[in-house]
Amino acid sequence: MDSKKYLMGVDIGTTSTKAVIFDRKGAVISQHTVGYPLLSPTPSTAEQEPEEILRAVFTCIKQNMAESLVSPDDLELISFSSAMHSVIAVDAKGNALTKSITWADNRSASYAEKIKEELNGHEVYLKTGTPIHPMSPLSKLLWMKHELNEAYTLAHKFIGIKEYVFYKLFGVFLIDYSIASSTGMMNLEKLEWDQEALSIAGITSEKLSTLVPTTHVVKGLAPELADKLGLRTETPFIIGASDGVLSNLGVNAIEPGVVAVTIGTSGAIRTVSDRPITDQKGRTFCYALTDKHWVIGGPVNNGGMTFRWVRDQFGAAEAETAKRLGVDPYEMLTEIAKKVSPGADGLLFHPYMAGERAPLWNANARGSFFGLALYHKKEHMIRAVLEGVIFNLYSVLLALQELIGIPKGVQATGGFARSALWRQMMADIFNQDVTIPESFESSCLGAVILGLYALEEIDDFSIVSEMVGSTHQHKPNPENVDTYQELMSIFLSVSRSLEDEYKQIADFQRKRLEM
């Protein structure tokens, strides 16, 4: 293995694209990030401009090469990670007929319910591994057929954002097994488009991209594009996988029983299996990493965004003070939360501010404080919100445990990992040892490791253990564990009891806000 070679991982995320250049030991040489907005003209809409994301990808690659001073001849590969569940209708030349409809878009909620209740949705889930939910491209296509019919009828293909980028790079419509397994339309056992799911969507396989392994390599950039990006024309581009499964790889959570937890804007819990596993109760997903590695778990809508809501709605004074002192406002808020004992003196927060995916799979779910009393103060509410995010993730872990057993350990990443209080909460609520990997760039690192595997420079993923260190380790505090276990049963009972009320209040909100 040539120690002079470098590796670039590109992660096309929901709020930004990031490109990171690593050396062969996993050290970050350079990185560049470009953000873009999520367009939400109504509460149910969450779209993005495909061309804006394409420009972000090109800028990240170009700036990384320029800032790192890495020679194009020394860049071994570029491998891709991407957010899941996006849909773009395009014409035969790859021009977008719609915006990129993201995972967070809930306009297909009634059609997801129709699939569940009338169109054999549960059996389709068991074959495809994607829970029936508005996030799913399957639900989105049924919605488009009825509500966006002109674009639906004119479309040459329905593709995701990574497919859009690869078409602009190479002029081919390709989708990797990982992204395909999150569409709700790929049969996990057969690794081909599922005919029943296609029938529900009202399309044939010709309307979708060609399925390829996550290790698929594409070469042959047009000279002018290679020059624009600062690359060789024959630089290998590995199509890669989805951000979630690559994060597992990038944090060294690939051994059976090791669980990866991520809390960024949203959150997820995932573990790796050597075969596809779906849940008879429909609570978890199953997505491909390779044809020998399958990631099962559950995503939650409500992670760091709830803490941002706290900052914006409750923490204006603290944010202003933090600005004057030159410190992170979130640190000031967690210091306030530390004043309160674990359990927030009996105040629970259900963090369903944006509906919820796992384990409820209910787009109508809404956030609430439960147990609020006169003695509760702002610091209680802040702590309850932080605990509520972890309680919700733990409820997903409980579902996952029914499929895999008690975890062997937890590798945790994301913005929340910067908070010692939040990390300890996870150890206490999960009653598990929690390790924080050294690299925060887990999806990009996972992408380049998959790239080395694709080029047959490594035989397995064991190299990741040499590339990922740890920065923090937390052990559960037995006294806190007891407190949280007592409260967890209440947390679960309340959320499971409000299904009808969630629908009623969500209908009321939509009626008022979308008038």
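This is a predicted model, so every value here is computed, not measured. (Residues numbered from 1 in each chain as written. Predicted model: local features only at pLDDT ≥ 70, side-chain atom pairs only at ≥ 80, totals over all residues. Heavy atoms only, no water.)

Quick notes on the overall build of the protein
Defined as follows: Only DSSP runs of H or I covering at least 4 residues are called helices, and only runs of E covering at least 2 are called strands; the numbering of each starts at the N terminus. Throughout, exposure labels follow a simple rule: accessible area from a 1.4 Å probe, protein chains only, divided by the maximum for the residue type, with under 20% read as buried, over 50% as exposed, and the rest as partly exposed. Contacts between residues were defined by any pair of non-hydrogen atoms, one from each residue, lying within 4.5 Å. Within this scheme the basic residues Lys and Arg register as positive and the acidic residues Asp and Glu register as negative, but His and the chain ends are omitted. Positions of charges follow a simple convention, taking NZ of Lys, CZ of Arg, CG of Asp or CD of Glu.
Counting its regular elements, the protein contains 19 helices and 23 strands. The C-alpha extent of the protein, read off along each of the three principal axes, is 70 × 55 × 45 Å. The buried share of the protein, reckoned over its 515 residues, is 59%. A separation threshold of at least 6 residues defines the contact pool for the protein, and within that pool the share at least 24 residues apart is 72%. Charge centroids of the protein, computed over 48 positive and 62 negative side chains, lie 3 Å from each other.

Here's the deal with unusual backbone geometry
Of note, the amide linkage connecting Ala358 to Pro359 takes the cis form, showing an omega dihedral of -10°. In this fold, Pro359 is placed in the loop between β19 (348–350) and β20 (368–370). Within the chain, Asn120 stands out as a residue other than glycine whose phi angle is a positive 65°. Here Asn120 lies in the loop between α2 (109–118) and α3 (121–128). The class for Asn120 is partly exposed, based on a relative accessible area of 37%. Here the phi dihedral of Ala344 falls at roughly 50°; this positive angle occurs in a residue that is not glycine.

Focus: helix α15 (residues 420–430)
Along α15, 9 of the 11 residues are buried, which leaves the element largely enclosed by surrounding structure. Within α15, burial applies to Leu421, Trp422, Arg423, Met425, Met426, Ala427, Asp428, Ile429 and Phe430. Backbone geometry just downstream of α15 places Asn431 in the positive-phi region, at approximately 55°.

Some remarks on the environment of Gln504
Along the polypeptide, Gln504 turns up in helix α19 (residues 499–513). Residue class for Gln504 comes out exposed when judged on its relative accessible area of 53%. For the pair Gln504 and Ala365, spaced 139 residues apart in sequence, the C-alpha separation works out to 9.9 Å.

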